[in-house]
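Chain and residue survey
Listed below are the residues making up each chain.
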Amino acid sequence: MKSEQARDKCEVNWIVETPDADPAIGKVQWDPVHSFWNGGMLLASIALIPFFSTPAAVAVGLGLTGLFLLLGHSVGFHRLLIHGSFKTSPWLRRFLLWCGTVAGMSGPIWIVRTHDLRDWAQRQDKCHDYLAHRRPMVIDAWWQLHCTLKLEKPPRFDLHALEQSRFIRFLERTWMLQQLPLAALLFWMGGLPFVVWGVFVRVALTVHGHWLVGHLAHRRGPQSWLVKEAGVQAHDVPWAGLITMGEAWHNNHHAFPGSARIGLKPGQSDWGYRFIQLLEKLGLARDVCLPAHMQGRDRKLEVVRASATTSRPRRSEQQPQPVRAASASK
Ligand SMILES: [Zn+2]
Ligand SMILES: [Zn+2]
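Residues numbered from 1 in each chain as written. Chains lettered and ligands numbered in written order. Predicted model: local features only at pLDDT ≥ 70, side-chain atom pairs only at ≥ 80, totals over all residues.

Helix and strand content of the chain: 12 helices and 10 strands. Across the 330 residues that make up the chain, the buried fraction comes to 45%. Of all intrachain contacts in the chain linking residues separated by at least 6 positions in sequence, the fraction that spans at least 24 positions is 76%. (Helix = DSSP H or I, 4+ residues; strand = E, 2+ residues; numbered from the N terminus. Buried ≥ 20, exposed ≤ 12 C-beta atoms within 10 Å, placed from the backbone. Contact = placed C-beta atoms within 7 Å.)

Here it is as structure tokens:
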């Protein structure tokens, strides 16, 4: 039963694949809401940092960036909400989803849609350059941080289970406003420098760092596995393993998408999984899914023979060839 559950966790949870959905044909369009938000946070940070920086404010800003990345983005949104890689109590789930919203990228439903569309598209033979991070850095940054992709034939989402939650709908409606209680607390604690670093700089670092690691993770770096028949393969971004709370071991994540643990090899730091283990010890997390529970997953994977850490980085091609089961000849 465990393996049956675990196998489901390798699927793209929130998409219902319709036969005529096409991940390759679509238009990139400007997204004013996220463009103003992401651009505004960056410009405000650049403008305000020279006037509102103290050692304490910098420490608070960087500390909160790590905290909301860990509790919110990595554990709450990615491993719990999107992949369902563990279960927890309703109150803790709400707290982690609130942390994910305060991380500042968007609301929970937008995050699920954006993640799962990309996850689904990258498993197909071919997909739009937007979904593969295939364009040069400057264009990809503009696309991912300021635009959205309108597919001509998108897949269907089944978000009923999310949308029936009043709390999730509330977070989705108010995701920008969720910065305000934290901003008020920071102002009370340390005045404007705390607000500048604890809100503006933190959100700017989070959204731009997330884009950068996502871009690199589909372009270059070590690989341990290739996913058969997937048009886009992922790479690890070792230098970012620590600061992304383990999310940067993205090659592992493509191989075992439903695993609560992403840093799988010795030396691959994964604070997100460490936190889930702590919750488990405290009796606050259960059904924690790991690669060992995913029977049959290895049939979809091709092991990259050369040691991932010693081989020359493999660079994704402009038009990567899908890895076919029959052509597994590494
Ligand atoms: Zn990916
Ligand atoms: Zn994922």
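Next comes the rest of the account.
As a further point, take helix α4 (residues 90–102). Counted at 1.5 Å a residue, the expected span for α4 with its 13 residues is 18 Å, and the 18 Å between its end C-alpha atoms agrees. Those residues of α4 that sit buried are L96, L97, W98, C99, G100, T101 and V102. (Expected span 1.5 Å × (residues − 1).)

Our next topic: the environment of A240. Relative to the assigned elements, A240 resides in the loop between β7 (225–227) and α11 (250–255). Owing to 20 C-beta atoms within 10 Å, A240 belongs among the buried residues under this scheme. Along the primary structure A240 and S269 are separated by 29 residues, whereas in three dimensions their C-alpha atoms are 9.6 Å apart. If we skip the residues at most four places from it in the chain, A240 touches V213 and A248.

This part covers the nonpolar core. F68, L70, V75, C99, F200, A204 and I276 are the most contacted members of the largest nonpolar core, which totals 69 residues. For this core, the secondary structure elements donating two or more residues are α2 (32–48), α3 (55–82), α4, α5 (108–122), α6 (129–132), α9 (166–173), α10 (179–216) and α12 (271–281). Setting aside residues up to four positions removed in sequence, C99 forms contacts with F68, L71, G72 and G76. Formed by seven residues, the second largest nonpolar core is a distinct cluster that contains L226, V227, A255 and F256. (Core = buried A, V, L, I, M, F, W, Y, C linked by C-beta atoms within 7 Å.)

The subject of this paragraph is the packing of α3 against α5. In the contact formed by α3 and α5, the axes pass within 11 Å of each other and the chain directions differ by 65°. In terms of axis orientation, α3 runs roughly perpendicular to α5. In this structure, α3 meets α5 at a crossing whose hand is right-handed. Two secondary-structure elements touch here, α3 through F77, L81 and I82 and α5 through P108, I111, V112, H115 and D116. Of the residues in the contact of α3 with α5, the class split is six nonpolar, one polar and one charged. (Axes fitted to C-alpha atoms, helices over the stretch in contact; angles between N-to-C directions. Parallel < 35°, antiparallel > 145°, perpendicular 65-115°, else oblique. Left-handed = near helix turned anticlockwise from the far one by under 90°. Nonpolar A, V, L, I, M, F, W, Y, C, P; charged D, E, K, R; others polar.)

This brings us to unusual backbone geometry. Its identity is not glycine, yet M245 carries a phi of approximately 65°, on the positive side. Mapped onto the elements of the fold, M245 is located in the loop between β7 and α11. Residue class for M245 comes out buried when judged on the 27 C-beta atoms lying within 10 Å of it. A positive phi angle, near 50°, is found at D287, a position not held by glycine. Residue class for D287 comes out partly exposed when judged on the 16 C-beta atoms lying within 10 Å of it.

With respect to the helices and strands, C99 occurs in helix α4. By C-beta crowding, C99 is classed as buried, having 21 other C-beta atoms within 10 Å. Separated by 30 residues in sequence, C99 and L69 place their C-alpha atoms 8.3 Å apart.

Bringing α2 into the picture now. With 17 residues, α2 should reach 24 Å at 1.5 Å per residue; the first-to-last C-alpha distance of 23 Å fits that figure. Those residues of α2 that are buried lie in contact with α7 (137–146) and α10.

Reading fine detail from the predicted coordinates is not recommended where pLDDT is low. Per-chain confidence: the chain averages 91 in pLDDT, with 90% of residues scoring 70 or above. The low-confidence segment residues 1–7 (pLDDT under 50) makes nine contacts with residues lying over four places distant or belonging to another chain. (pLDDT = per-residue confidence, 0-100.)

It is worth spelling out the environment of V16 at this point. Within the secondary structure, V16 is located in strand β1 (residues 15–16). Taking the C-alpha atoms as reference, V16 lies 5.5 Å from F157; in sequence the two are 141 residues apart. In contact with V16, not counting residues within four places along its chain, are P155, R156, F157 and D158.

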